[in-house]
Amino acid sequence: MQAPSLKFTPDRNFAPRQAHNPACGTAGSNPAPQPILKSSRKLMKHLWRLVNFGLVGLGFCAGFGSMSPWYLHHTNPDAIFCLIILLAMPAFAVGAVYYSVVRGNCERLRRPSWDRHPINWWADPLQSLFISTWVISAMAGGSVVRLSGSGEKGFWMFAFFLCFAVGLAIGQFIVYKIFRDRIKGA
């Protein structure tokens, strides 16, 4: 028993498409962009926007929940701890971006936006720093809502979140000043 022949015979109206060569910049030889790829990119942008705003919302809820009496009973924030955090966060921000530039070989840094992956410290440190600052700021906002009646520990927990957010914001400002020549558009 012999297999049937799978020979392709084009009809009269068939015109073979030219092969696409990316090195050749001739107009008309590029294939049409795939609508599936365009829609998937748009979908991913919307997905990352949703994830990033969701993280900020979760940060608000975490800040609110951290002010509960049970949680505050097991913490010991104070003024010295807040001062250490306030001074350490700008150094962390600058150090993280510097390490990414030097060790990760990031020639150019992308401006942060809401529609990209939030946790990519090696390749996109400004994005991670931006989202981290917003999440910690939301935690400070959530804790201030429940501040009344939480006592001294509640006040220092709020101060901790506030120092953390202010320290990251100062660090972001310093990073933009230091690495301004390397920053490109999103």
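Residues numbered from 1 in each chain as written. Predicted model: local features only at pLDDT ≥ 70, side-chain atom pairs only at ≥ 80, totals over all residues. Heavy atoms only, no water.

Asks: I tried to follow the overall build of the chain on my own but got confused; where do I start?
Replies: The number of helices and strands found in the chain is five helices and two strands. Counting from the amino terminus, the chain carries its helices and strands in the arrangement α-α-α-β-α-α-β. When burial is assessed residue by residue, the chain has 32% of its 186 residues classed as buried. Sequence separation of 24 or more characterises 72% of the internal contacts of the chain that already satisfy a separation of 6 or more. Carbon and sulfur atoms form 65% of the exposed surface of the chain, whose accessible area is close to 12,700 Å². (Helix = DSSP H or I, 4+ residues; strand = E, 2+ residues; numbered from the N terminus. Buried < 20%, exposed > 50% of the residue type's maximum accessible area, 1.4 Å probe, protein only. Contact = heavy atoms within 4.5 Å. Areas by Shrake-Rupley, 256 points an atom, 1.4 Å probe, with all protein chains shown as cover.)

Asks: Help me understand the packing of helix α3 (residues 79-103) against helix α4 (residues 125-145) in this model?
Replies: For any two helices packed against each other, one specifies the inter-axial angle together with the distance between the axes. Running from N to C, α3 and α4 point in directions that differ by 155°, and their axes come no closer than 9 Å. Taken together, the axes of α3 and α4 are roughly antiparallel relative to one another. Every pair of crossing elements has a handedness; the one defined by α3 and α4 is right-handed. Side by side, α3 and α4 meet where Ala93, Val97 and Ser100 of the first sit next to Pro125, Leu126 and Leu129 of the second. (Axes fitted to C-alpha atoms, helices over the stretch in contact; angles between N-to-C directions. Parallel < 35°, antiparallel > 145°, perpendicular 65-115°, else oblique. Left-handed = near helix turned anticlockwise from the far one by under 90°.)

Asks: Got a minute to help me understand the packing of α4 against helix α5 (residues 151-178) in this structure?
Replies: One can describe the packing of α4 onto α5 by two numbers: an axis separation of 8 Å at closest approach and a directional angle of 155°. The angle between the axes of α4 and α5 places the two elements in the roughly antiparallel class. Seen along the crossing, α4 lies across α5 with a hand that is left-handed. The segment α4 lies against α5, with Leu126, Leu129, Phe130, Ser132, Thr133, Ile136, Ser137, Met139, Ala140, Ser143 and Val144 engaging Phe158, Phe161, Leu162, Phe164, Ala165, Leu168, Ala169, Gln172, Val175 and Tyr176. Split by residue class, the contact of α4 with α5 holds 16 nonpolar, five polar and no charged. (Nonpolar A, V, L, I, M, F, W, Y, C, P; charged D, E, K, R; others polar.)

Asks: Would you mind showing me how to read the side chain of Ser150 here?
Replies: Assignment of secondary structure puts Ser150 in the loop between α4 and α5. The buried category is assigned to Ser150, whose relative accessible area is 14%. Polar side-chain contacts of Ser150 include one of 2.6 Å to the backbone oxygen of Leu147. With sequence-adjacent residues up to four places away left out, Ser150 is seen in contact with Met67, Leu72 and Phe155. (Polar contact = N/O pair within 3.5 Å; in protein donor to acceptor, adjacent residues only side chain to side chain.)

Asks: What am I meant to see in the confidence of the model for the chain here?
Replies: Regions with low pLDDT carry predicted coordinates that are not meant to be interpreted in detail. Per-residue confidence for the chain averages 82 on the pLDDT scale, and 79% of its residues sit at or above 70. Ranking the elements of the chain by mean pLDDT puts strand β2 (residues 183-184) last, at 83, and α4 first, at 94. When the criterion is pLDDT under 50, residues 18-28 qualifies, and its contacts beyond four places in sequence or with other chains add up to four contacts. (pLDDT = per-residue confidence, 0-100.)

Asks: Looking at this structure, how should I read α3?
Replies: Along an α-helix, residues three or four positions apart point the same way, because every turn accommodates 3.6 residues. Look at α3: 35 Å from first C-alpha to last across 25 residues, which is about the 36 Å you get at 1.5 Å a residue. The sharpest bend along α3 comes to roughly 25°, located at Ala88, with the proline Pro90 sitting one to four residues further on. Listed in full, the buried residues belonging to α3 are Cys82, Ile85, Met89, Pro90, Ala93, Ala96, Val97, Ser100 and Val101. Considering only its buried residues, α3 is in contact with β1 (109-110), α4 and α5. Two residues or fewer past α3, Asn105 is found with a positive phi of approximately 55°. (Expected span 1.5 Å × (residues − 1). Bend = angle between axes of the 7 residues up to and from the residue.)

Asks: Could you clarify how one ought to interpret the layout of surface pockets in this entry?
Replies: Gaps left between atoms are located by rolling a probe of water-molecule size over the structure's atoms. Approximately 200 Å³ is the volume found for the largest pocket. Every residue lining the largest pocket is counted, 12 residues in all, and those nearest its centre are Trp48, Arg110, Asp115, Arg116 and His117. Per-element tally for the lining of the largest pocket: the top contributor is helix α1 (residues 35-65), with three residues. Grouping the amino acids of the lining of the largest pocket by side-chain chemistry returns four nonpolar, three polar and five charged. (1 Å grid on protein atoms, 1.4 Å probe; cavity = no way out; pocket = protein on both sides within 12 Å on 5 of 7 lines; lining within 4 Å. Points joined across faces, edges and corners; volume = space filled by probe spheres on them.)

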